[in-house]
Amino acid sequence: MSLIKINTKKMISEFLKDLEEASPNTRRSFYEIYPLCFKVSLKNHLPIYIELNKDVRKIAFSSSKKLDFEVNPELNDIIDIIFKKKITRQIIQGDVELAMVFFNLVQKSNVDIIYLIDKYFGNNAAFISSQLHKEILSRDDNMKSKAGRLHKKLRDLHIRIDRLEARIA
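Below is a short write-up of the structure. Remember, it's a predicted structure, so these values are computed and weren't measured experimentally.

### Brief notes about the nonpolar core
Here's step 1: Formed by 25 residues in total, the largest nonpolar core has its most connected members in Leu 36, Ile 50, Leu 52, Phe 69, Ile 92 and Phe 102.
Here's step 2: The greatest single-element share of this core, amounting to 7 residues, is contributed by helix H4 (residues 96-108).
Here's step 3: Residues in contact with Phe 69, not counting those within four places in the same chain, are Leu 36, Cys 37, Phe 38, Lys 39, Ile 92, Gln 93, Gly 94, Asp 95, Leu 98, Ala 99, Phe 102 and Phe 103.

### What to know about the pairing of strand S1 (residues 36-40)
Here's step 1: The buried count for S1 comes to 4 of 5 residues, which makes it a mostly enclosed element.
Here's step 2: Note that S1 and strand S2 (residues 48-52) share 5 bridges and pair antiparallel. Note that in S2 the partner of Lys 39 across the bridge is Tyr 49.
Here's step 3: Two strands pair when backbone bridges link them, and S1 and strand S4 (residues 69-71) are joined in this way by 3 bridges, in the parallel orientation. Bridging across to S4, Lys 39 finds its partner in Glu 70.

### Notes on the sheet that holds S2
Here's step 1: Pairing is mixed in the open sheet, where 5 strands are placed in the order S3-S2-S1-S4-S5. With one partner strand each, in any of the chains shown, strand S3 (57-60) and strand S5 (92-94) form the two edges of the open sheet. Neighbour-to-neighbour, the strand axes of the sheet open up by a mean angle of 20 degrees, direction not taken into account.
Here's step 2: Pairing geometry for S4 and S5, over 3 bridges, is antiparallel.

Cut-offs and rules
- Residues numbered from 1 in each chain as written.
- Predicted model: local features only at pLDDT ≥ 70, side-chain atom pairs only at ≥ 80, totals over all residues.
- Heavy atoms only, no water.
- Core = buried A, V, L, I, M, F, W, Y, C linked by side-chain atoms within 4.5 Å.
- Buried < 20%, exposed > 50% of the residue type's maximum accessible area, 1.4 Å probe, protein only.
- Helix = DSSP H or I, 4+ residues; strand = E, 2+ residues; numbered from the N terminus.
- Contact = heavy atoms within 4.5 Å.
- Pairing = 2+ DSSP bridges.
- Axes fitted to C-alpha atoms, helices over the stretch in contact; angles between N-to-C directions.

Structure, rendered in structure tokens:
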């Protein structure tokens, strides 16, 4: 097995361990949905098969068991998952409900993703990720403020129309 595959397996296994150790409640919640077997397949990359239960966290590059679900994200989907903590059902095939429960548990585990990126990919990747995170959040805030301004203008217009109608009546 290549060094890249070995390092990827180790990194994913450690990440899953970090998620479970985030809090005792998180670990108990994970144990309630185990055993779990799923595939993550990023476009133009090797699929990763993940098998989780109380005792084993197995990561492989070939399937050995029946899958509960598959996740087929594109790069923008991964960015949304990591930074916006939103996953769309369209990228999931199989047991969508189980997948959503699993991803909600991961989201609620309150693990600092930037810290994990720094831990497993280094300072440069963490810095780039934090800058990307800030840009995504500022874009979202900007969109919200534009929507708020539009809503205020529409409300003001509605009030003016009501006043005109009251004068005419």
